[in-house]
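The lines below spell out each chain.
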Amino acid sequence: MARPTYYVTTPIYYVNDAPHIGHAYTTLACDVLARFKRLDGFDVKFLTGTDEHGQKVAESARAAGSDPKTFTDRVSQNFRDLAEVMNFTNDDFIRTTETRHAIACQDLWRRLDERGQIYLGTYAGWYSVRDEAYYAESELIEGPDGKRRAPSGADVQWVEEPSYFFRLSEWGDRLLEMYAERPESVLPAGRRNEVLSFIRGGLNDLSISRTSFDWGVPVPGDDAHIMYVWLDALTNYITAVGFPKADANEYATYWPADLHMVGKDILRFHAVYWPAFLMAAGLEPAQRVFAHGWWTNEGEKISKSLGNIIDPLAIVDRYGLDPVRYFLLREVPFGNDGDFSHRATVNRINGDLANDFGNLVQRVLSMINRNCAARVPEPGTLGEADLALLSSAHGLLEAVRDSIDVQAFHEALEIIWRVIRAANGYVDRQAPWTLRTSEPERMATVLYVLAEVIRHLAIITQPFMPGSAGRILDQIAVGADERDFSRLGPSGAISAGAALPKPEGVFPRFADD
Ligand code: MSP
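All of these numbers come straight from a predicted model, not from anything done at the bench.

Quick look at the site of the ligand
Taken together, 23 residues form the shell around the ligand, and within it Ile 12, Asp 51, Gly 263, Asp 265 and Trp 295 come nearest. The contact in question runs from an oxygen atom of the ligand to an N or O atom on the side chain of Asp 265, over 2.5 Å. For the ligand, whose free accessible area comes to 670 Å², the fraction covered by protein is 94%. Counting residues per element, the ones that place at least two in the shell around the ligand are strand 2 (13–14), helix 1 (21–39), helix 7 (229–234), helix 8 (236–239) and strand 15 (259–263). Its residues placed into classes, the shell around the ligand shows twelve nonpolar, nine polar and two charged.

Observations concerning the environment of Tyr 251
Topologically, Tyr 251 is positioned in helix 9 (residues 249–254). Assessed through its relative accessible area of 18%, Tyr 251 is described here as buried. In this structure the C-alpha to C-alpha distance between Tyr 251 and Ser 169, which are 82 residues apart in sequence, comes to 28 Å. Once you skip the residues sitting within four places of it in the chain, Tyr 251 turns out to touch Ile 238, Val 241, Phe 243 and Leu 283.

Things to note about the pattern of salt bridges
As enumerated under the stated definition, the model contains 32 salt bridges in all. One salt bridge in this structure joins Asp 31 and Arg 325, with 2.7 Å as the shortest N-O distance. Placement of the pair is Asp 31 in helix 1 and Arg 325 in helix 12 (residues 321–330), with a sequence separation of 294 residues. Looking at Asp 31, the relative accessible area reads 0%, which means it is buried. By relative accessible area, which is 0% here, Arg 325 ends up buried. A salt bridge links Asp 40 to Arg 401; the nearest nitrogen and oxygen atoms lie 2.7 Å apart. Taken together, the positions of Asp 40 in the loop between helix 1 and strand 3 (43–51) and Arg 401 in helix 15 (residues 396–404) put the pair 361 residues apart, joining distant regions of the chain. Take Arg 401: its relative accessible area is 27%, and that puts it in the partly exposed class. Each of Lys 45, Asp 92, Glu 98, Arg 100 and Glu 250 takes part in salt bridges that share partners, so that together they form one network.

Side note on unusual backbone geometry
The step from Leu 187 to Pro 188 runs through a cis peptide bond, and the omega angle for that step is -10°. Tracing the chain through its elements places Pro 188 in the loop between strand 10 (186–187) and helix 6 (189–200). Cis peptide bonds are those with omega within 30 degrees of zero, and the linkage from Phe 243 to Pro 244 qualifies with 10°. Take Pro 244: it is sitting in the loop between helix 8 and helix 9. Unusually for a residue other than glycine, Glu 298 sits at a positive phi of about 45°. Position of Glu 298 among the secondary structure elements: in the loop between strand 17 (295–297) and strand 18 (300–301). Owing to a relative accessible area of 45%, Glu 298 belongs among the partly exposed residues under this scheme.

Remarks on the sheet that holds strand 17
Judged by pairing direction, the sheet is mixed, and its three strands sit side by side in the order 18-17-19 without closing on themselves. Edge positions in the open sheet fall to strand 18 and strand 19 (338–340), since each of these has one partner strand only. When strand 17 meets strand 19, the two strands line up parallel, connected through three bridges. From the neighbouring strand, Trp 295 faces strand 19, where its bridge partner is Gly 338.

Reading the values: rules and limits
Within each chain, residue numbers correspond to sequence positions counted from 1 in written order. In keeping with the predicted nature of the model, local features appear solely for residues at pLDDT of at least 70, side-chain atom pairs appear and are counted solely at 80 or more, and the whole-chain, interface and lining totals rest on all residues. Values reported for side chains reflect all heavy atoms of the structure, with hydrogen atoms and water molecules removed beforehand. Here a residue is near a molecule or strand as soon as one of its heavy atoms is found within 4 Å of it. Between N or O atoms, a polar contact is any pair within 3.5 Å; within protein, one atom must be a potential hydrogen donor and the other a potential acceptor, and residues adjacent in sequence are included only when both atoms are from side chains. Each accessible area value is a Shrake-Rupley result obtained with a 1.4 Å probe; residue values ignore everything except the protein chains displayed when judging cover. Here a helix means four or more residues in a row that DSSP labels H or I, a strand means two or more in a row labelled E, and each is numbered from the N terminus. Here the nonpolar group is Ala, Val, Leu, Ile, Met, Phe, Trp, Tyr, Cys and Pro; Asp, Glu, Lys and Arg are the charged ones; every other residue, Gly included, is treated as polar. The classification of residues rests on relative accessible area computed with a 1.4 Å probe and restricted to protein chains. Under 20% of the type maximum is buried, over 50% is exposed, and intermediate values are partly exposed. We call two residues in contact when some of their heavy atoms are within 4.5 Å. We define a salt bridge as a side-chain nitrogen of Lys or Arg found within 4 Å of a carboxyl oxygen belonging to Asp or Glu. For two strands to pair, DSSP has to find at least two bridges joining them.

This is the structure in C-alpha cells:
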C-alpha cells in the first residue's frame with residue numbers, strides 16, 4: 001500500500017539580506033514536522049528556497065554594487081548554509097531564478113489568462129518595496145514623522161504604471177465558502193478571523209505585473225511587463241512538484257500541499273491571493289496555512305536599523321544546535337509572538353535539558369553501567385508503579401501526534417516533559433541505588449523500566465533534537481533501523497542483555513549570569 005504523503009513548505013526567503021532568527025524559526029518548525037512525519041511512516045516532501053526577483057532584491061543588489069544574478073547567487077547560498085548548520089532535512093531548495101520556475105510561472109499565467117482572469121489596465125496607487133505589497137489608501141497609517149506608511153511601518157511610494165490585473169474581486173465568496181467548509185485550513189483561529197474580515201471587507205482586483213524595472217519573470221506575450229513578485233514567489237510551491245507537466249508524478253503525489261508554514265506578516269498572500277490564483281487557474285488550494293508569530297530581541301522589535309538582528313549561527317555557536325532548536329519551539333506557544341533573551345535560553349537549557357532530561361538519562365545509564373555489568377537488565381515481575389510509568393511512555397505517540405498535527409510544538413514538548421518528570425519522580429521514589437544489595441532483582445526491574453522509558457523519550461524527541469536524541473539512542477544500543485515511530489509501544493521493547501557503551505552526558509549546562 002502506498003504510504004500517506006505529507007508536503008510541507010517554508011516561505012521562500014528574500015535574498016536581500018543575511019538569514020536571521022525569523023528565517024531559522026520558520027524552517028525549523030517545518031523541519032520538525034517533516035522529521036516527525038517521516039518517522040511516523042509518511043512519504044514526505046519538505047521544500048524551502050529563496051525568493052530572488054522583485055524591486056527589493058534588485059535595489060539591494062544595486063546597493064551592493066552588484067548585478068542581480070551575481071548578488072542572488074551569493075546571498076541564496078547563505079540560506080543553504082543555514083540549512084546545513086541547523087540540520088534541516090529539506091528535500092529540495094528552490095530558487096525563483098531557475099528555469100523550471102519561469103516555466104511554471106508562465107504556464108500559470110497562461111491558464112489564468114485563458115480563463116479570462118487577467119486584464120490590462122494601469123495601476124495608480126501606493127506600493128511598499130520592503131513589503132513588496134500594494135496598499136489601499138485606507139490601509140495606510142501615519143508614521144511618527146507625519147509621513148504615510150504601510151501598516152507594517154514600511155515606507156510607501158506612489159506608483160503609476162501600466163499593469164495587468166487579476167480579477168481577485170470575483171473570488172471573495174468562493175474563499176469564504178472554502179474557509180467555512182474547512183476552518184482548519186488557516187491556523188491559529190485568531191489569524192483565520194483576520195483573513196475572513198479582510199475578505200469580507202471586499203477584495204479589489206490585484207495588480208500582477210510591473211513595468212518600471214525588469215528583474216522578474218517576463219509576462220508571456222508582453223515583454224514590457226514582468227510578473228508581480230508575489231505571483232512569481234507563490235508559484236514556487238507548485239514548481240517544486242513538477243508543475244506544469246501533466247504527467248508530473250510529484251504533482252499528482254504531493255499536491256495539494258498539506259501545509260504552507262508562514263509568518264503572520266505574510267498570511268494575506270498565502271490565505272487570500274494564493275488560493276484565489278489557484279482556484280482561478282482550475283487548481284486546488286493547499287490544505288492549510290499556519291501563521292506563526294514574531295520574535296523580539298530582549299523585548300525589542302528586531303530590525304536592521306536597530307542593529308539587533310539575532311544571527312542564528314551565533315546562538316548555535318554559543319548554546320549548541322539542539323538546545324537552540326529546543327528553546328525556539330518550547331519557549332513560546334507556537335503561533336504567538338515571543339521574546340528571545342539569553343536569560344530565558346539558559347533557564348530552559350539548564351532546567352529542561354540538563355536537569356530534567358539530561359539527569360534522567362545520566363543517572364539511569366550510569367547505574368546500569370556500574371551495577372548491571374553495562375547490560376540492559378532483565379526485568380522481574382512488574383508492579384503498579386512500573387506499569388503506570390510504562391503506560392505513560394506507551395501513550396506518548398498518540399498524544400504528541402495530536403499536538404503536532406495542529407502545529408502545537410510547545411504542547412508536544414510539554415507532553416513529553418510530563419513523562420520525563422514522572423520518570424524522575426519514579427527514580428526518586430524507587431531509589432534503585434538502595435536496592436543494590438538488598439533487592440538486586442527489584443533494582444534490575446526498575447532500571448529496565450527506566451531504560452525502556454528513555455528509549456521512548458529519545459525516539460519521540462528525534463524530530464526536535466535529532467543529534468542529542470540520536471546520541472541517547474546510541475547509548476541504549478537502539479540500532480539505526482529501530483528508531484522510527486513504529487517501534488514505540490510494548491512491541492518494540494528494548495532487549496534485556498544488550499551491551500551498552502559507557503554513558504556520556506548529552507546536555508551541557510550553562511552559567512546563568
Ligand atoms: N519572500 C517572502 C515570502 C514569499 S513565500 C512565497 C518573504 N520573505 S522574508 O525573507 O521576508 O520572510 C520570510 C519569513 O521570515 C516570514 O515568514 C517572516 O514572517 C519570517 N520572519 C521575519 N522576521 C521574523 C521575526 N522577527 N520573527 C519570526 N519570524 C520572522 O516574506
